[in-house]
Amino acid sequence: MKNVKRFLSLGIAAAMTLSLAACGGSSSSAQSGSDNAADTSTAAAATADVEKVENDGNYDECTIKFSWWGGDSRHEATQAAVKAFMEKYPGINVEVNFGAWSDWEAARALEFQSGTAADVNQINQSWINEFDGDGSVFVDLNTLSEIIDLSQYSADSLAMMEDVKGGIAGVPVALTGRTFYWDKTTFEEAGIDVPKSLEELRAAGKTFKEKLGDDYYPLALGELDRAIFMTFYLQAKYEKPIIDNGKLNVTVEELKDGLDFIMSLEEDHVIPSIKVIDGDAAASLDQNPKFIDGRYAGILEWDSAPLKYKNALAEGREFVVGDEFTDLGGNGKTGVFTKASLGFAVSSTSEHPKEAAMLIEYLCNDPEGAVIMGSERGIPESKAGYEAVSAAGGIDATIEEAHNKVMGAAEYPEDPYFESNDLKGSEGTYKYVFGGLSYGEFDTEEAAQELYDGFESVCD
């Protein structure tokens, strides 16, 4: 596969950085919380004869850094888990850096390039190809499998996190896909039910305009959202993934069909134009007043990330999980894909990989840490983590409902190249094509060629 390493020169994300001081005393030879060495037979098969860090029951007094993005509820849960980790392992101090997604990827890319990344990084699956194309940026977790219990993960989910050398670049925190979420209150104000099909969604656009006014839309989609919904449409209709194992698997004519589909949603008053959304001057949909008050009554979002939208709605508004559409291609298919929602990776530049691995083990596999983390990053993929969180009643009902619907409808894995930064970045192909098309800068035929060229540039 072609390894794309485009480190964008963009503004650094507005992220909060603080040091959480460790509670209690410190010891240079403290007892580790991991009682048994992991069964790593499945994981180790990918990388033979790796030199492993021993779990000898000791750890160093040190400071490690941990970086992640997300919404407020994720920040709160993760900070609480980090605090508990430091209380359990006195002498390990964890400095945290967190913020919203906007410009986050570009900022981390610069850190990976310069060797200044945090010890523990929350990563997207696509970052393994994007920023670790030679397998040198993230530590192969097979070398830390005495600390991180890789046996808690399925072989399939670990395979999603493999690097070019066959090593494991990160633990898969959760699996995820996109589904619809609706502000049910707005649909009730329009006198209709939330849509369960594309046909009903189109009808809702007309009803919203007639009964509620021009400012009301049943769905709002940004550029990446449009790329994903178009992909669902194409994969459903043509019954094939548009990128398959790094190879482009779609024609210019098929992409034009997909772009015509997206533009038909604008024409039917189903979605606002990108110009309208840009005019709202909101950093993200959950911060957009039109979403908060119900004028944008639907989103297409990851099953791991609905809470920031649910919590953003004005008081008295009802947020519900929708159904995946089976009428996109006229053949009962959904075209839905899934991926590893997030991973936790150790930077190869870390001076304390053992202690970094201890933090990952605590957050994902230790029942205490997993329960504090809850389902803020989706349904835990770790078997031990899931059992602990489920037993504690920590699986958020909205996330669980969305996850079950996504996994029940999924037909394809998302190829990591679909989320290449060259495609989805703030100056990437998706923004250029879907934004320019919506603004009327070119027609769907021209846009299809641009999109095809963009895909071709990152695929084999």
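Because the structure is a prediction, the values reported are computed rather than measured.

Observations regarding empty space enclosed by the protein
With the rule as written, the count across this model stands at 2 cavities of 30 Å³ or more. Each pocket or cavity is described by its volume, and for the largest cavity that value is around 130 Å³. Taken together, Tyr 153, Val 173, Leu 363, Cys 364, Ala 370, Met 373, Gly 374, Glu 376, Arg 377, Gly 378, Pro 380 and Ser 382 make up the full set of residues lining the largest cavity. Elements that contribute at least two residues to the lining of the largest cavity include exactly helix H13 (353–364) and helix H14 (367–373). For the lining of the largest cavity, the class distribution of residues is 7 nonpolar, 3 polar and 2 charged. What the second largest cavity holds in volume is close to 40 Å³. In terms of lining residues, the second largest cavity is bounded by Thr 231, Gln 235, Pro 241, Ile 242, Ile 243, Phe 337, Pro 413, Glu 414, Asp 415 and Phe 418. Its residues assigned to classes, the lining of the second largest cavity comprises 6 nonpolar, 2 polar and 2 charged.

Some remarks on the pairing of strand E3 (residues 92–99)
Counted residue by residue, E3 has 7 buried out of 8 residues, so it is predominantly covered. As defined by bridge partners, strand E2 (residues 62–69) adjoins E3 across 8 bridges and the pair is classed as parallel. Across the sheet, Ile 64 pairs through a bridge with Val 94, a residue of E3. Read from E2 through helix H2 (residues 72–88) to E3, the crossover connection turns out right-handed.

Notes on the confidence of the model for the chain
In the predicted model, the chain carries a mean pLDDT of 89, and the fraction of residues at 70 or more is 89%. Counting interchain partners and residues more than four positions distant, the pLDDT-below-50 stretch residues 1–49 has 132 contacts.

Describing the packing of aromatic side chains
Counting across every chain of the model gives 29 aromatic pairs. On the basis of an interplanar angle of 65° and a centroid distance of 5.7 Å, the ring pair of Trp 127 and Phe 131 is categorised as edge-to-face. Residue Trp 127 and its partner Phe 131 are both found in helix H4 (residues 127–131); the two are separated by 4 residues, about one turn of the helix. Side by side, Trp 127 and Phe 131 carry an identical accessibility label, which is buried. Ring centres of Phe 337 and Phe 418 lie 5.4 Å apart, and the angle between their planes is 65°; this geometry places the pair in the edge-to-face category. With Phe 337 in strand E10 (residues 337–346) and Phe 418 in the loop between strand E11 (412–413) and helix H17 (421–424), the pair connects residues that are 81 residues apart, well separated along the chain. Phe 418 carries the same exposure label as Phe 337, and that label is buried.

Rules behind the numbers
Residues numbered from 1 in each chain as written. Predicted model: local features only at pLDDT ≥ 70, side-chain atom pairs only at ≥ 80, totals over all residues. Heavy atoms only, no water. 1 Å grid on protein atoms, 1.4 Å probe; cavity = no way out; pocket = protein on both sides within 12 Å on 5 of 7 lines; lining within 4 Å. Points joined across faces, edges and corners; volume = space filled by probe spheres on them. Helix = DSSP H or I, 4+ residues; strand = E, 2+ residues; numbered from the N terminus. Nonpolar A, V, L, I, M, F, W, Y, C, P; charged D, E, K, R; others polar. Buried < 20%, exposed > 50% of the residue type's maximum accessible area, 1.4 Å probe, protein only. Pairing = 2+ DSSP bridges. Right-handed = clockwise from strand over helix to strand, strands pointing away. pLDDT = per-residue confidence, 0-100. Contact = heavy atoms within 4.5 Å. Phe/Tyr/Trp six-rings, centres within 6.5 Å; stacked < 30°, edge-to-face > 60°.

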